[in-house]
Amino acid sequence: RDLATTATGAPQHTRRDFMMIATGAVGAVGVGALAWPFVASLAPDAQTVAAGAPVEVDLAPISPGQIVKVFWRGKLIFVRNRTEEEIKAAQDVNLASLPDPQPDSARVKEGHPNILVVYGNCTHLGCVPLGNEGPFHGWFCPCHGSVFDTSGRVRGGPAPINLPVPPYTFVSDTKIRIGEESNAAPKAAHA
Ligand code: FES
C-alpha cells in the first residue's frame, strides 16, 4: 500500500491509510454494539464489562416462565424467572437419581426461589441449550441431546455436570448484580 516517506526516509502513513484505519475502528464498535442485544441493564460501559465488571440485570421486565440472556466476562448467562410449577418441579426431585446431585435450594438465593441464574453453555462441549425444551422443560442441548431441568441440573445425555451458577447477588428485590457474590452463596454451586 502507499506509504509516504519523511525527510529521514522513515515511512509515514498517508491520509488514505488514516481513513482506512478510522473506518475499521467504526466497524469494530458497530460489531461490539450488536453483540450486546440481550443485556437487560448495563451500567458500566462495554469496555469495563469486558474486563469483568459486574453486570446489573433488572428483573422487573422478565415475566414468569421467561429466560433472558446476558453476558458477563464474555460468557453467556441465562436469567430465568421460574413459575411456581417450575420451582416445584425443581424441588420435587430424588437427588440420588441425579448425575450431579445438588438440591435446588443450593442453586438459588434464599428468598428468591423464582430466579435461577446459570451459565448458558452446555457442560458437554459448550453448545447453547434451548430454554423451555426437553422432557424436564428446563433446557435441551441440540448438539448431542443433553437435557437439563428447571434448576439447570443435568438429567440426561453426555453433559457431565449441571449448568454452573455464576457469582451474583440481589441488590434489591428486582435487581441482581452478576459478578459479585452475596454472603448467602449457593454452597454446592460450580464456580
Ligand atoms: Fe451439549 Fe454436547 S454440547 S450435549
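Residues numbered from 1 in each chain as written. Predicted model: local features only at pLDDT ≥ 70, side-chain atom pairs only at ≥ 80, totals over all residues. Heavy atoms only, no water.

With that settled, the discussion passes to helix H3 (residues 84–91). Every buried residue belonging to H3 is among Glu86, Ile87 and Ala90, and all of these are buried. An end-on view of H3 places all buried positions within 100° of arc, on one side of the element. Exposed side chains of H3 directed beyond 90 degrees from the buried face belong to Glu84, Glu85 and Lys88. Among the structural elements, strand S5 (75–81) are those in contact with the buried residues of H3. (Buried < 20%, exposed > 50% of the residue type's maximum accessible area, 1.4 Å probe, protein only. Helix = DSSP H or I, 4+ residues; strand = E, 2+ residues; numbered from the N terminus. Arc of directions from axis to C-beta. Contact = heavy atoms within 4.5 Å.)

Right, let's get into the sheet that holds strand S11 (residues 168–172). The antiparallel open sheet is built from three strands, whose spatial order is S3-S12-S11. Sheet topology places strand S3 (55–58) and S11 at the edges, where each strand pairs with a single neighbour. Neighbour-to-neighbour, the strand axes of this sheet turn through a mean angle of 30°, independent of strand direction. With four bridges joining them, S11 and strand S12 (residues 175–178) adopt antiparallel strand pairing. From the neighbouring strand, Tyr168 faces S12, where its bridge partner is Ile178. (Pairing = 2+ DSSP bridges. Axes fitted to C-alpha atoms, helices over the stretch in contact; angles between N-to-C directions.)

Time to look at the confidence of the model for the protein. Mean pLDDT over the protein: 80, with 69% of residues reaching 70 or higher. Segment residues 1–43: pLDDT under 50, and 38 contacts once partners within four positions in sequence are set aside and those in other chains are kept. Throughout residues 184–191 the model reports pLDDT below 50, and contacts reaching past four residues in sequence, or to other chains, amount to 19 contacts. (pLDDT = per-residue confidence, 0-100.)

This part covers the sheet that holds strand S9 (residues 147–148). Read from one edge to the other, the open sheet built from four strands follows the order S7-S8-S9-S10, with strand pairing classed as antiparallel. Among the strands making up the open sheet, the edge pair consists of strand S7 (130–131) and strand S10 (154–156).

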